[in-house]
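# An overview of the molecular structure
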Amino acid sequence: MTDLERRGDRSPVPAGWTYAPAPESTEIVSLQERYGLFVGGEWLEGAEHYTTISPRDEAPLAEVAQAGEADVHHAVAVAREAFSTWSALAPSERAKYLFRIARILAERSREFAVLESLNGGKPIKESRDVDLPLAAAHFFYYAGWADKLEYAFPNQDPRPIGVAGQIIPWNFPLLMLAWKIAPALAAGNTVVLKPAETTPLTALLFCDVLRQAELPPGTVNIVTGDGRTGAALVDADIDKVAFTGSTEVGKAIQRRLAGTGKRVTLELGGKAANIVFDDCALDQAVEGIVNGIYFNQGHVCCAGSRLFVQESIYEPVVEKLKRRMATLRVGDPLDKNTDVGAINSRMQLDRITELVEAGQAEGAEIYQPPCRLPERGYWFAPTVFTNVAQSYRIAQEEIFGPVLSVLTFRTPDEAVEKANNTPYGLSAGIWTEKGSRILWMAERLRAGVVWANTFNRFDPTSPFGGYKESGFGREGGRHGLEPYLSFS
Ligand code: ADP
């Protein structure tokens, strides 16, 4: 069990907890040895394959097809053919399919959650309590809009645009799929979606849900592969590209699409400011800071990776933060007690390591709580940097890992100026008890989402998207339908 520690004249508190292992069984998931491409409601054999692994122990999970150009073109042609049927369906019928998908996802949520953690490395408690409920909620929410489009956009004659090519990243594989597919289908479009190369398995399991829901064949097609497959999809005969991923690839896509007349929405990187004022509820703020950066190992485009603390409370905040970090349990993503799971891939681990070394070389002070990392797999201890200058790479570049940089400010004006001093503009957080200050700050922060006294909260009814190099276009809410509709 645990020792009791006596602090001052207060009651004794546990000095530390030792947790018995609580592994989630993987029996609920049955994987095929090899997966093909899901096109026209059928599985097509791929010509080439690669092995997808689990980042927790590098164990191979399945072979997945690397779709070539011809495969992508075929999938798009099939989606184009299916468009005439799907777009002509009564909207209330389309809604029924979406409701059905939502219900099946909820029913099979444990199976999906286990597979998500296995293939992507995120803690099971996050896949179980965040990714899966939100993915189902997205389908549920957009099902409700499917037959109400003319009320959402009155006197504008909203019509579907055709075939959407959708490319998603590896940090929230199923949730990003839901963000993309649900509004596209609700608006009457058909889809070709490419999951990220390291995390294709929940998208492939989702094909089974589509069959169970008896979605008309060809309405949703899934092609797997790496960036080459994504590039082929961008170039194919589609009407719209919806992309979530790095700013670098987003820029390349935009260059490629210039002059083609294809529509595009881009949800790219971020370097969010989490701003803590001296009048905030300190313990709650510390929870929010931890959730802001260590949730999903920091593999979150809107992660609160730059912490701005008002100078008068710098010491207590940093001290409380370090204490709290020491209680984070890092390890097996499938253990129900785990707070911080595995880094998604070797490549991502190398990138995090490189940036952390750059932070140390530039003169920032590093703190990592003592924690024993598993020997196999990809791991990085929760990390905080103090003594950070705004010019350091760790304060400028997106790390996409469990690494926080702490900076300070004195006045609200200074906080705004420093927070906006980044090429990105996806999200921000404010911690203060003053409502007027929240509104004053939110008006001035160049960020698509501003959280107040909370962080990393998502809801299908709320639009999400960026400014500046974080991209354009909104996903979620009524706004999320717009990119999938044309208006007269
Ligand atoms: P991350 O840094 O999150 O890995 P990427 O932008 O590299 O982000 O990847 C996001 C998605 O974009 C993945 O599905 C990836 O395969 C795809 N992708 C990578 N390169 C290209 C490209 N040149 N064109 C289209 N899609 C691409």
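Since the model is a prediction, treat every value here as computed from it, not as a measurement.

Scanning the protein for helices and strands turns up 15 helices and 22 strands. For the protein, long-range pairs separated by at least 24 residues make up 72% of all intrachain contacts whose partners lie at least 6 apart in sequence.

Once that is clear, we can look at unusual backbone geometry. Outside of glycine, negative phi angles account for most residues, and trans bonds account for most peptide bonds. Positive phi, normally seen in glycine, also occurs at Glu 214, with a value near 55°. Within the secondary structure, Glu 214 is located in the loop between α7 (201–212) and β11 (220–222). Taking the number of C-beta atoms within 10 Å as the measure of exposure, Glu 214 has 10 and is therefore exposed. With a phi angle near 55°, Asn 453 is a residue other than glycine that sits in the positive phi range. With respect to the helices, strands and loops of the structure, Asn 453 is situated in the loop between β20 (449–452) and β21 (471–472).

Attention shifts here to the pairing of strand β6 (residues 48–53). Looking at chain direction, β6 and strand β7 (residues 60–66) are connected through six bridges and run antiparallel. What sits directly across from Thr 51, in β7, is Glu 63. Hairpin geometry of β6 and β7 is characterised by an intervening segment of six residues between the two adjacent antiparallel strands and by a positive phi of about 60° at Glu 58.

On to the site of the ligand. Around the ligand, the structure places 16 residues, and the nearest of them are Gly 227, Gly 230, Gly 245, Ser 246 and Val 249. Taken together, the elements giving at least two residues each to the shell around the ligand come down to α8 (227–235) and α9 (247–257). Here the element with the most residues in the shell around the ligand is α8; it accounts for four residues. Class assignment of the residues belonging to the shell around the ligand gives a composition of nine nonpolar, four polar and three charged.

Interaxial distance between helix α3 (residues 109–120) and α7 falls to 9 Å at its minimum, and their mutual angle equals 155°. Put simply, α3 runs roughly antiparallel to α7. Residue-level contacts link Phe 112, Leu 115, Glu 116 and Asn 119 of α3 to Leu 201, Thr 202 and Leu 205 of α7. Of the residues belonging to the contact of α3 with α7, the class tally is four nonpolar, two polar and one charged.

So, on to helix α10 (residues 282–294). Compared with the 18 Å implied by 1.5 Å per residue over 13 residues, the 18 Å span of α10 between its first and last C-alpha is a close match. On the buried face of α10, the contacting elements are β14 (273–276), β15 (306–310), α11 (314–325), β18 (403–409) and β19 (427–431).

Here the protein is partitioned into domain 1 (34–268 + 470–486) and domain 2 (273–460). One C-alpha centre belongs to domain 1, the other to domain 2, and the line joining them spans 29 Å. At the junction of the two partners, domain 1 supplies 23 residues and domain 2 supplies 25 residues. Contributing elements (two or more residues each) for the side of domain 1 that touches domain 2: α3 and α4 (124–145). Of all the elements, α4 adds the most residues to the side of domain 1 that touches domain 2, at seven residues. Each residue belonging to the side of domain 1 that touches domain 2 can be placed in one class, and the counts come to eight nonpolar, eight polar and seven charged.

Take the sheet that holds strand β17 (residues 383–386) next. Adjacent strands of a sheet pair through backbone hydrogen bonds, lying either parallel or antiparallel. The sheet built from seven strands is open, its strands ordered β16-β17-β18-β15-β14-β19-β20 with mixed pairing. Bordering the open sheet on either side are β16 (365–367) and β20, each of which pairs with just one other strand. Adjacent strand axes in the sheet meet at a mean angle of 20° when their direction is disregarded. As paired elements, β17 and β18 share three bridges and run parallel to each other.

Another aspect to go through is the environment of Ala 90. Along the chain, Ala 90 turns up in the loop between α1 (69–88) and α2 (91–107). Looking at Ala 90, the number of C-beta atoms within 10 Å reads 10, which means it is exposed. The spatial distance from the C-alpha of Ala 90 to the C-alpha of Asp 147 is 8.0 Å, given a sequence separation of 57 residues.

Judged by nonpolar contacts, the single largest core of 90 residues is most densely connected at Leu 98, Phe 139, Ala 186 and Val 192. Considering each element in turn, this core owes the most residues, eleven residues, to helix α6 (residues 173–186). One finds Val 300, Cys 301, Leu 404 and Ala 447 within the second-largest nonpolar core, a separate group that totals 62 residues.

Looking now at α4. Taking 1.5 Å per residue as the helical rise, α4 with its 22 residues ought to reach 32 Å, and the 31 Å between its terminal C-alpha atoms agrees with that figure. Largest kink in α4: about 25°, centred on Asp 131, with the proline Pro 133 one to four residues after it.

Here the focus is the sheet that holds strand β3 (residues 34–35). With mixed pairing, the three strands of this open sheet are ordered in space as β3-β7-β6. At either end of the open sheet lies a strand with only one pairing partner, and these are β3 and β6.

Parameters and conventions
Residues numbered from 1 in each chain as written. Predicted model: local features only at pLDDT ≥ 70, side-chain atom pairs only at ≥ 80, totals over all residues. Helix = DSSP H or I, 4+ residues; strand = E, 2+ residues; numbered from the N terminus. Contact = placed C-beta atoms within 7 Å. Buried ≥ 20, exposed ≤ 12 C-beta atoms within 10 Å, placed from the backbone. Pairing = 2+ DSSP bridges. Near = placed C-beta within 6 Å. Nonpolar A, V, L, I, M, F, W, Y, C, P; charged D, E, K, R; others polar. Axes fitted to C-alpha atoms, helices over the stretch in contact; angles between N-to-C directions. Parallel < 35°, antiparallel > 145°, perpendicular 65-115°, else oblique. Expected span 1.5 Å × (residues − 1). Domains from an automatic or database assignment. Core = buried A, V, L, I, M, F, W, Y, C linked by C-beta atoms within 7 Å. Bend = angle between axes of the 7 residues up to and from the residue.

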